[in-house]
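Residue-level structural notes
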Amino acid sequence: MVKYTTILLLFLGLLQCTAQESQTIAKAPNASNTTANTASIPAANNPESYLPKLQGKKIGLVANHTSIVEQDSRQHLVDFLLSHNIQITAIFAPEHGFRGTADAGEHIKDGKDAKTGIPLISLYGNNKKPTPAQLKNIDILLFDIQDVGARFYTYISTLHYVMEAGAENNIPVIVLDRPNPNGHYIDGPVLEPAYKSFVGMHKVPIVYGMSIGEYAEMINGEKWLKNQAQAQLTVIPMRHYQRQEIYSLPVKPSPNLPNDQSINLYPSLCFFEGTNVNEGRGTSWQFQVYGSPHLTNMPFSFTPQPNEGAKSPKHQGKKCHGEDLRNHPELSSIDLQWLIKAYQNNTQKPFFTPTKNDFFFDKLAGNSKLRKQIEQGLSAEEIRATWQADIEKFKKVRAKYLLYADF
């Protein structure tokens, strides 16, 4: 899926990353597609479009290990900006931290960047929204983080709170746009407001088919920020972006999305986070296999062990039975067959993991209907049919904020 020139760059190891050397994303096993990365140029790679806006300003940079500039070499945006005499007052980091190695949900502390001494402020620690004190010496908030196009992937929630903080503190927000590797389709139940959480903040389907810049425009235009505030938003667009182009990310966006296959399967397999099934955490095949000690009649097995991004994986040290999806063809819709199959073959209740007052599964789904539909024995086709009316309504909202040609 990755063209020869891209592979050559990866092996040359030209990344100069302030966080640390970013981990290159692996080529997906189902490598039948050969047109990846033929056109799209992320906004970070077009410095002439944003450097003039930053000159003479104090910048609060919202970034992580994916914030790289690929020109003659691969360089972290922090280093690139400093080399062009841009003053960075603070670096704000999302879930998984500035280095992108922390577990999902792991509390991250503030600190300093070891290379530059710039303060590092976690937006997945004591606060998820920048505070007025943290914004005191900032003129512009610059956001550049790679999204994967799924509602429960929390980088878009961080985007929301950064925009909200900017609006409340009269600080402009600039978003450097990046391709969406799941940008070629729209699917899933639209979130119901009662199920709003950090893994689902907006009335969108699970897969929304928008770049992160388009998504920022939608947050602003639909007045989804607190008190219907609107940020002073500027989106720096990509060049030559094609929504249906196969885009292979140059670095893995988080510890448990190691390759193209995991990113493509993520919208379908993340549901298992709210069940007693392990979705590959604690293996080298995160979001490419699933299994549990409590599943029967399954053709594959694995034993989760602690590793990067999964210090205490579900069913650690226990043999899990399930399926191997590492060679599954690319998806262009959410596939419910694995979730339904696991529910039907589960021998240990509860299948859906209860929390204190509700089910985490419902937050991922954005409603309680999906859980109940599976419990009632509805087929994947019957369940998907119940999504369609809301998806069509969302498409009309989405259309107002597209910066690039649609499907």
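Before reading further, recall that the structure is shown in the block above.
No experiment lies behind these values; they were computed from the predicted model shown.

Focus: the packing of helix 4 (residues 155-168) against helix 5 (residues 212-221)
Running from N to C, helix 4 and helix 5 point in directions that differ by 50 degrees, and their axes come no closer than 11 Å. When the interaxial angle is binned, helix 4 and helix 5 end up oblique. At the point where helix 4 passes helix 5, the crossing takes the right-handed sense. Contacts from Ile-156, Leu-159, His-160 and Met-163 of helix 4 reach helix 5 at Ile-212, Tyr-215, Ala-216, Ile-219 and Asn-220.

Here we look at the sheet that holds strand 10 (residues 233-236)
The sheet built from seven strands is open, its strands ordered 6-7-5-2-8-9-10 with mixed pairing. With one partner strand each, in any of the chains shown, strand 6 (111-112) and strand 10 form the two edges of the open sheet. Pairing analysis gives three bridges linking strand 8 (residues 140-144) to strand 9 (residues 173-176), with the strands arranged parallel. Bridge pairing in strand 9 places Leu-141 opposite Val-173. Contacting strand 2 (58-63), strand 8, strand 9 and strand 10, helix 4 runs over the sheet at an angle of about 170 degrees to strand 8. Across the face of the sheet, helix 5 comes into contact with strand 8, strand 9 and strand 10 while running at roughly 160 degrees to strand 10.

Some details on the pattern of salt bridges
Per the stated rule, a full pass over the model turns up 21 salt bridges. The partner of Lys-341 in a salt bridge is Glu-323, with the nearest N and O atoms 3.3 Å apart. Separated by 18 residues along the polypeptide, Lys-341 in helix 7 (residues 337-345) and Glu-323 in strand 13 (residues 320-324) bring together distant segments of the chain. Classification of Lys-341 as partly exposed rests on a relative accessible area of 28%. Note on Glu-323: relative accessible area 13%, which makes it buried. What emerges from the salt-bridge pattern is a single network uniting Glu-214, Arg-243, Arg-398 and Asp-406.

Focus on the packing of aromatic side chains
Tallying each qualifying case throughout the model produces 17 aromatic pairs. Each ring, one from Phe-272 and one from Tyr-290, has its centre 4.8 Å from the other, and the planes form 20 degrees; the classification is stacked. A residue pair is termed long-range when its members are at least 10 positions apart, and Phe-272 in the loop between helix 6 (260-269) and strand 11 (289-292) and Tyr-290 in strand 11 qualify at 18 residues. Here Tyr-290 falls in the buried class, since its relative accessible area comes to 0%. By the ring-pair criterion, three or more aromatic residues cluster together here, those being Phe-152, Tyr-153, Tyr-155, Tyr-266, Phe-271, Phe-287, Tyr-343, Phe-351, Phe-352 and Phe-361. Sitting over the face of the ring of Phe-198, Lys-128 holds its NZ or CZ atom 5.1 Å from the ring centroid. Geometry around Trp-285 places Arg-326 over its ring, the cationic atom sitting 4.3 Å from the centre.

Thresholds applied
Residues numbered from 1 in each chain as written. Predicted model: local features only at pLDDT ≥ 70, side-chain atom pairs only at ≥ 80, totals over all residues. Heavy atoms only, no water. Axes fitted to C-alpha atoms, helices over the stretch in contact; angles between N-to-C directions. Helix = DSSP H or I, 4+ residues; strand = E, 2+ residues; numbered from the N terminus. Parallel < 35°, antiparallel > 145°, perpendicular 65-115°, else oblique. Left-handed = near helix turned anticlockwise from the far one by under 90°. Contact = heavy atoms within 4.5 Å. Pairing = 2+ DSSP bridges. Salt bridge = Lys/Arg side-chain N within 4 Å of Asp/Glu carboxyl O. Buried < 20%, exposed > 50% of the residue type's maximum accessible area, 1.4 Å probe, protein only. Phe/Tyr/Trp six-rings, centres within 6.5 Å; stacked < 30°, edge-to-face > 60°. Lys NZ or Arg CZ within 6 Å of the ring centre and 35° of its normal.

From the geometry alone we can't say anything about function, so treat these as descriptive.
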